[in-house]
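One letter stands for each residue in the lines below.
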Amino acid sequence: MIKQEWKNKTVVTAFILLGFGNAPELDSLLFLMFLSIYIVTITGNTFIIVLMVANPHLHTPMYFFLGNLACLEICYSSNILPKMLLSYLGGDRSISVNRCFTQYYFFGCLAAAECYLLAVMSYDRYLAVCKPLHYPSRMNGKLCLQLGAASWISGFLSNSILTFLISDLDFCGPNDIEHFFCDSFPIIKLSYSDTHVAGLVTSVVAGVCSLPPFLLTFSSYLYIIITVMRIPSASGRKKAFSTCSSHLIVVILFYWSILTVYVLPHHDTQISPNKVFSVFYTILTPLVNPLIYSLRNKELKEALRKQ
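Model, not experiment: these values are computed from the prediction. (Residues numbered from 1 in each chain as written. Predicted model: local features only at pLDDT ≥ 70, side-chain atom pairs only at ≥ 80, totals over all residues. Heavy atoms only, no water.)

Let's talk about the overall build of the protein chain
No. 1: The helix and strand tally for the protein chain stands at eleven helices and five strands.
No. 2: Within the span of the protein chain, comprising 307 residues, buried residues form 48% of the whole.
No. 3: Look at the contacts in the protein chain between residues 6 or more apart in sequence, and 75% of them connect residues 24 or more apart.
No. 4: Carbon and sulfur atoms make up 68% of the accessible area of the protein chain, which amounts to about 15,600 Å² in all. (Helix = DSSP H or I, 4+ residues; strand = E, 2+ residues; numbered from the N terminus. Buried < 20%, exposed > 50% of the residue type's maximum accessible area, 1.4 Å probe, protein only. Contact = heavy atoms within 4.5 Å. Areas by Shrake-Rupley, 256 points an atom, 1.4 Å probe, with all protein chains shown as cover.)

In structure tokens, the structure reads:
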């Protein structure tokens, strides 16, 4: 865990993820719960990808982005849940420093990529609802590939500098991370180095990765609502809303949980509200994504019946 490097100085070689507190009697229950969530998440998102690849009727921009989102959610869950499951199964909550920084890097990259991808999906719905005559020419295959690639590349580039800054900090103990996965602020809190720059860069990167996509998403849905309200028939308004309601549910859940985590103050309780709300955007959002799109999407249901 911590090795002696020279006199009066120790170097942390592993962190301890405290998770949801020290309650061994709950380990079995938590293991079964998170295992079920992980299985459903992987199965559901994989099913969406396979269904859209196999069905030519789903080879449209909306489902192309949905396939990217499903792939991202698989990576997102696989970055966090397997380690949690192993810790509850074997009781070993330690994670090496290198693995911890790797987990944080991919978490930050995938979270940023999801923000960008959700914004791209909202723009796609904006064009489909507000500019239907121009939609086929504007949202062509080339633009879809460019927007999808930009979301992934921007997400992975945005967290590189921050991960380097955090990994360059000195950790001399304690090594207990008050979280169920390796996140920036809980890690920075353990360092004895000057963390001002790392903390500042963390805030800047978080703002760049979340605020512009959120504003774009909000603006897109604002224009969609205004356009839909101008439709004279109730059936027309209902049809227009149904095309984007599923995406809106995912966006609200994702951003609501993230904003809650960063707005609420830290608490010195065994299970802080920040830790609980982190479950929403790290574990529950990848879970509900396939459920929402499968149960609320008529085209997916129709494609499933034809298989």
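Okay, back to it.
Some details on the pattern of salt bridges
No. 1: Summed over all chains, the structure comprises two salt bridges.
No. 2: Where Arg-125 meets Asp-124, a salt bridge forms, and the shortest distance between an N and an O atom there is 2.8 Å. In this pair, the class of Arg-125 matches that of Asp-124, namely buried. (Salt bridge = Lys/Arg side-chain N within 4 Å of Asp/Glu carboxyl O.)

A short note on the UniProt feature "transmembrane region" (unreviewed entry) in the protein chain
No. 1: UniProt's feature table lists "transmembrane region" (unreviewed entry) at residues 31-54, 61-81, 101-123, 143-166, 200-226, 247-264 and 276-295, given in the numbering used throughout.
No. 2: Taken end to end, residues 31-54 has its terminal C-alpha atoms 34 Å apart, with 100% of it in helix and 0% in strand.
No. 3: Taken end to end, residues 101-123 is 100% helix and 0% strand, and its first and last C-alpha atoms sit 33 Å apart. (UniProt positions renumbered as here; feature names shortened; annotations may be inferred.)

Thoughts on the state of the cysteines
No. 1: Applying the stated criterion to the full structure yields one disulfide.
No. 2: Note that Cys-100 is cross-linked by a disulfide to Cys-182, the S-S spacing being 2.0 Å. One disulfide, between Cys-100 and Cys-182, carries an S-S torsion of -120 degrees and so falls in the left-handed class. One end of the pair, Cys-100, is in helix α3 (residues 97-130); the other, Cys-182, is in the loop between β5 (176-177) and α7 (184-188), with 82 residues separating them in the sequence.
No. 3: For Cys-182, a relative accessible area of 0% corresponds to the buried category. (Disulfide = S-S within 2.5 Å.)

Remarks on the nonpolar core
No. 1: One finds Phe-15, Phe-34, Met-84 and Ile-187 to be the most contacted residues of the largest nonpolar core, which totals 70 residues.
No. 2: In terms of residue count, α3 provides more of this core than any other element does, 19 residues in total.
No. 3: Excluding its chain neighbours within four sequence positions, the residues that come into contact with Phe-15 are Arg-93, Ser-94, Ile-95, Val-97, Cys-100, Phe-171, Asn-175, Ile-177 and Leu-190.
No. 4: Leu-58, Tyr-63, Leu-66 and Ala-70 belong to the second largest nonpolar core, which has eight residues in total. (Core = buried A, V, L, I, M, F, W, Y, C linked by side-chain atoms within 4.5 Å.)

Points about a nonpolar patch on the surface
No. 1: Together, Leu-211, Phe-214, Leu-215, Phe-218, Leu-222 and Ile-226 make up an exposed nonpolar region whose accessible area comes to about 530 Å².
No. 2: Tracing the sequence through the fold places Phe-214 in helix α8 (residues 196-229). (Patch = residues over 30% accessible without salt bridge, like charges linked within 9 Å, V, L, I, M, F, W, Y side chains within 5 Å.)

Let's talk about the packing of helix α1 (residues 27-54) against helix α2 (residues 61-90)
No. 1: Packing of α1 against α2 brings their axes to within 9 Å, and their N-to-C directions diverge by 160 degrees. As judged from the angle between their axes, α1 and α2 are roughly antiparallel. For the crossing formed where α1 meets α2, the hand is left-handed.
No. 2: Its residues placed into classes, the contact of α1 with α2 shows 21 nonpolar, six polar and two charged. (Axes fitted to C-alpha atoms, helices over the stretch in contact; angles between N-to-C directions. Parallel < 35°, antiparallel > 145°, perpendicular 65-115°, else oblique. Left-handed = near helix turned anticlockwise from the far one by under 90°. Nonpolar A, V, L, I, M, F, W, Y, C, P; charged D, E, K, R; others polar.)

Quick notes on empty space enclosed by the protein
No. 1: Overall, the coordinates contain one cavity of 30 Å³ or more when judged by the stated rule.
No. 2: The volume enclosed by the largest cavity comes to roughly 90 Å³.
No. 3: Lining the largest cavity we find Leu-17, Gly-19, Lys-83, Met-84, Ser-87, Tyr-88, Arg-93 and Phe-180.
No. 4: Here the lining of the largest cavity takes four residues from α2, the largest share from any one element.
No. 5: The residue makeup of the lining of the largest cavity, split by class, is four nonpolar, two polar and two charged. (1 Å grid on protein atoms, 1.4 Å probe; cavity = no way out; pocket = protein on both sides within 12 Å on 5 of 7 lines; lining within 4 Å. Points joined across faces, edges and corners; volume = space filled by probe spheres on them.)

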